[in-house]
Amino acid sequence: MQNIDPTVLQLMCHRTDGETESFARRAIDSLVKKLKERKDELDSLITAVTTSGTQPSKCVTIQRTLDGRLQIAGRKAFPHIIYAKLWRWSDLTRNELKSLPCCQYGFDGKHDIVCINPFHYERIIGAGKSAMWIVDAVVDTNLQCKSTCGSYALSLCISTVFS
């Protein structure tokens, strides 16, 4: 049996059921290898995934490819979509993600690097003015809305959810 990196195993424990175990392991292993030299980003990913985004975390970046897609196990897809499907929304489709304001390297930003932290994105279902934003947020007793990037005033969170 092949030795599996303990970090890969730890991250595998938090995946959704949307992808096969084999694909998930290859995607996570590929990402962990890319982040080995950037321990702070790997730690941010581990924090984000193991706390389901309840703790603030930094951008976790990889190099953007020429066409913006990543190939894993013979499948090409956008990297932020791959990892959001693995750890958040198993039924996610291509045009349903928007980076949060705190994300410096969101996919839509066209930077040379792209953030794949699944908790730096919100899901948008639909299109145009009728779009429904799904924001995962926790409201504490001090009426502060905490996203995975930090704290925002409750009014901002409510306006984001219902706009």
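Everything that follows concerns the structure shown earlier in this document.
All of these numbers come straight from a predicted model, not from anything done at the bench.

What counts and what doesn't
Residues numbered from 1 in each chain as written. Predicted model: local features only at pLDDT ≥ 70, side-chain atom pairs only at ≥ 80, totals over all residues. Heavy atoms only, no water. Helix = DSSP H or I, 4+ residues; strand = E, 2+ residues; numbered from the N terminus. Buried < 20%, exposed > 50% of the residue type's maximum accessible area, 1.4 Å probe, protein only. Polar contact = N/O pair within 3.5 Å; in protein donor to acceptor, adjacent residues only side chain to side chain. Contact = heavy atoms within 4.5 Å. Expected span 1.5 Å × (residues − 1). Arc of directions from axis to C-beta. Core = buried A, V, L, I, M, F, W, Y, C linked by side-chain atoms within 4.5 Å. Salt bridge = Lys/Arg side-chain N within 4 Å of Asp/Glu carboxyl O. Pairing = 2+ DSSP bridges.

(A) Structural view of the side chain of T16. Locating T16 in the fold gives a position in the loop between α1 (6–12) and α2 (21–35). Using a relative accessible area of 16% as the deciding quantity, one classes T16 as buried. Side-chain polar atoms of T16 contact the backbone oxygen of K85, separated by 2.6 Å. T16 has contacts with K85, L86, W87, R88, W89 and S90, leaving out every residue within four places of it along the chain.

(B) Here's a closer look at α2. Taking 1.5 Å of rise per residue, the 15 residues of α2 would be expected to cover 21 Å, and the 21 Å separating its terminal C-alpha atoms lies within 8% of that figure. Considered for burial, the residues of α2 that qualify are F23, A24, A27, I28, L31, V32 and L35. Take α2 and look down its axis: the buried residues cluster within an arc of 160 degrees, on one side only. Its buried side turned inward, α2 meets α1, α3 (39–50), β1 (61–63), β2 (70–72), β3 (75–77) and α4 (79–87).

(C) Spotlight on the nonpolar core. Grouped together as the largest cluster of nonpolar side chains are 35 residues, with contacts concentrated most on L45, Y83 and W87. With 7 residues, α2 is the single largest residue contributor to this core.

(D) Structural view of the pattern of salt bridges. This structure, assessed with the given rule, holds 11 salt bridges. R25 is paired through a salt bridge with E21; the nearest N and O atoms lie 3.8 Å apart. Residue R25 and its partner E21 are located together in helix α2, separated by 4 residues, close to a single helical turn. On the basis of relative accessible area, R25 is assigned to the partly exposed category, the value being 27%. Under the relative-accessibility criterion, E21 is labelled partly exposed at 47%. With its nearest N and O atoms 3.0 Å apart, the salt bridge here joins K76 to D67. Its relative accessible area of 40% is what places K76 among the partly exposed residues. A network of salt bridges, in which partner residues are shared, links E19, R75 and K85.

(E) Focus on the pairing of strand β6 (residues 121–125). Within β6, 4 of the 5 residues are buried, leaving the element largely enclosed by the surrounding structure. Relative to β6, strand β4 (residues 97–99) is paired through 3 bridges, and the arrangement is antiparallel. From the neighbouring strand, S99 faces β6, where its bridge partner is Y121.

(F) The environment of C59, seen in detail. Mapping C59 onto the fold places it in the loop between α3 and β1. Separated by 45 residues in sequence, C59 and Q104 have C-alpha atoms that sit 7.0 Å apart. Beyond its immediate stretch of four places on either side in the chain, C59 contacts E41, C103, Q104, Y105, C115 and H120.

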